[in-house]
Amino acid sequence: MPPTSQAAPPPEGSAVVLCEGSFGDTSGKTAHGLVRTTRRYRVRAVIDSLLAGKDAGTVLDGRANGIPIVRDLDEAMRVAGRPDFVVVGVATHGGVLPPECRPAIRQALERGLHVDSGLHQFIGDDEEFAALAKKSGARIRDVRRTPPRSAMHAFTGEVLRAPSLRVAVLGTDSGVGKRTTSQLLVAGLEERGVRAALVGTGQTAWMQGAPYGLILDSLVNDFVSGEIEHQVLRATHDGNQVVIVEGQGCLTHPAYPGGFEILAGAQPQAVVLQHAPARAHHDGWPGFPISGPERERTLIEMLGPAKVVAVTLNHEQLTPDQVRQSAREIEARLGLPCCDPLVDGVGRILEALEPLRRS
């Protein structure tokens, strides 16, 4: 996570991220986030036999970061030492555990290593894994387990009186980079001396140590808006002038239409729209064409007072020249600033937000 004006707690321990067969595609997005940044763990290695021998940063962003990709847990322990955690870094459709990940989890629990998972399929409910953990003293943490209903919050409308500027980072698809752009916006604001915070809405943000957040897609629906509002209010009450809310899915996604709840619960004054120009269809859903930034913008602005103030791009499957050309075309069509935040930074996006912050 980017630095905040609040003191960050120390990491809980060292970790190997399990992403067998998936680090090279979008189902490895949890691992991608952890490789880029996390406060919760010190990431030592990534397990993916398909990419073993490579540097995780080079594979992900073209820049080495010293985190090796290894074949299995044995190799991870040889090259990086004994970790405190094995973290499941895959994010599959339906949140099911891939069979190819079971051996590493089994080995981790046999050796007394803690296992954290953000899948819908709870590792702790697996009889084999539960027995191994009990025997070795390892802890299984299924971070998508919901809090008790007595601890959840209903929507109140108090968020409308919050003095912070609320910005939602929504998208035209799932797994398109909304969380990464959200983190870059928080970091950019703080570099400018503005107190800012991220409200994470998925399991990866939790694993990265986000101080405010919820796991939207595992909550009872009646409490989703209220939990989003509650976290925005927590961040505001702690003195943050700008609250960036990580989006989930998109309004037009056939399986993950999470943007509705974020617009309702956070009541943002502005939206940044993340888009992958090379995608023709929703990721993993070839029968459902992506609506594109024009239609997504129209729908967002129909649902509330927030305006889309900028478009950010995911550069997957595009050359640098193609990204720049896409940015120029979108700027011309929508009349909004457009850039690739990982390459260009977020300066132009922050400039678009500045008038709202000062109003």
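Just so you know, these numbers come straight off a predicted model, no measurement behind them.

Undergrad: Help me out: how do you make sense of the packing of helix H4 (residues 102–110) against helix H5 (residues 127–136) in this one?
TA: The relative placement of two packed helices comes down to the angle between their axes together with the axis-to-axis distance. For the pair H4 and H5, interaxial distance at closest approach is 8 Å and the crossing angle is 25°. Judged by the inter-axis angle, H4 sits roughly parallel to H5. Within the contact between the two elements, H4 uses Arg102, Ile105, Arg106, Leu109 and Glu110 and H5 uses Glu128, Phe129, Leu132, Ala133 and Ser136. Class assignment of the residues belonging to the contact of H4 with H5 gives a composition of 5 nonpolar, 1 polar and 4 charged.

Undergrad: Explain the environment of glycine 175 to me, please; I cannot follow it from the model alone.
TA: Within the secondary structure, glycine 175 sits in the loop between strand S7 (165–171) and helix H6 (178–191). Overall, the relative accessible area of 22% leaves glycine 175 in the partly exposed class. Taking the C-alpha atoms as reference points, glycine 175 and glycine 28, 147 residues apart in sequence, are found 9.5 Å from one another. Leaving out residues up to four positions away in the same chain, glycine 175 has contacts with Thr26, Lys29, Arg279 and Asn314.

Undergrad: I would appreciate a short explanation of H6 in the present structure.
TA: An α-helical turn contains 3.6 residues, so a residue and the one three or four places further along point in the same direction. Its 14 residues give H6 an end-to-end C-alpha distance of 20 Å, which sits within 8% of 20 Å, the value for a rise of 1.5 Å per residue. Of all 14 residues in H6, 12 are buried; the element is thus mostly enclosed. Looking only at H6, the buried set comprises Lys178, Arg179, Thr180, Thr181, Ser182, Gln183, Leu185, Val186, Ala187, Gly188, Leu189 and Glu190. Directly beyond the C-terminal end of H6, a positive phi value near 85° is found at glycine 193.

Undergrad: How should the pairing of strand S5 (residues 114–117) be read in this particular structure?
TA: Within a regular strand, the side chains alternate between the two sheet faces. Note: strand S4 (residues 85–88) against S5, 3 bridges, orientation parallel. Note on S5: the bridge partner recorded for phenylalanine 85 is histidine 114. The parallel pair S4 and S5 is bridged by H4, and the resulting crossover is right-handed. The sheet contact formed by S5 and strand S6 (residues 140–142) spans 3 bridges and is parallel. Among the inter-strand pairings, valine 115 is bridged to a residue of S6, identified as isoleucine 140. Since S5 and S6 lie parallel, the crossover through H5 that links them has a hand, and here it is right-handed.

Undergrad: What's the story with the pairing of strand S11 (residues 270–275) in this structure? I'm lost.
TA: Of all the 6 residues making up S11, 6 are buried; the element is thus mostly covered by neighbouring parts of the structure. In S11, alternate side chains face the same way, and those of Ala270, Val272 and Gln274 on one face and Val271, Leu273 and His275 on the other are all buried. As paired elements, S11 and strand S14 (residues 307–313) share 6 bridges and run parallel to each other. From the neighbouring strand, leucine 273 faces S14, where its bridge partner is valine 311.

Undergrad: In this structure, what is going on with the packing of aromatic side chains? I would like to understand it.
TA: To describe a pair of aromatic rings, one takes the distance between the centres and the angle between the planes. By the definition in use, this model includes 2 aromatic pairs. When the centroid spacing of 5.3 Å and the interplanar angle of 70° are considered together, the rings of tyrosine 41 and phenylalanine 85 count as edge-to-face. Of this pair, tyrosine 41 sits in strand S2 (residues 41–47) while phenylalanine 85 sits in strand S4, and the two are 44 residues apart along the sequence. The interplanar angle of 75° and the centroid separation of 6.2 Å between the aromatic rings of tryptophan 285 and phenylalanine 288 together place this pair among those described as edge-to-face. Exposure remark for tryptophan 285: the relative accessible area of 28% places this residue in the partly exposed category. If you follow arginine 40 out to its NZ or CZ, it ends over the ring of tryptophan 206, 3.7 Å from the centre.

Undergrad: Please explain H4 as it appears in this structure.
TA: Every buried residue belonging to H4 is among Ala104, Ile105, Ala108 and Leu109, and all of these are buried. Looking down the long axis of H4, one finds its buried residues gathered within 130° of arc, a one-sided arrangement. Phi for glycine 112, located one or two positions after H4, is positive at around 80°.

Cut-offs used in this document
Residues numbered from 1 in each chain as written. Predicted model: local features only at pLDDT ≥ 70, side-chain atom pairs only at ≥ 80, totals over all residues. Heavy atoms only, no water. Axes fitted to C-alpha atoms, helices over the stretch in contact; angles between N-to-C directions. Helix = DSSP H or I, 4+ residues; strand = E, 2+ residues; numbered from the N terminus. Parallel < 35°, antiparallel > 145°, perpendicular 65-115°, else oblique. Contact = heavy atoms within 4.5 Å. Nonpolar A, V, L, I, M, F, W, Y, C, P; charged D, E, K, R; others polar. Buried < 20%, exposed > 50% of the residue type's maximum accessible area, 1.4 Å probe, protein only. Expected span 1.5 Å × (residues − 1). Pairing = 2+ DSSP bridges. Right-handed = clockwise from strand over helix to strand, strands pointing away. Phe/Tyr/Trp six-rings, centres within 6.5 Å; stacked < 30°, edge-to-face > 60°. Lys NZ or Arg CZ within 6 Å of the ring centre and 35° of its normal. Arc of directions from axis to C-beta.

Take it as geometry only, folks, not as evidence of what the structure does.
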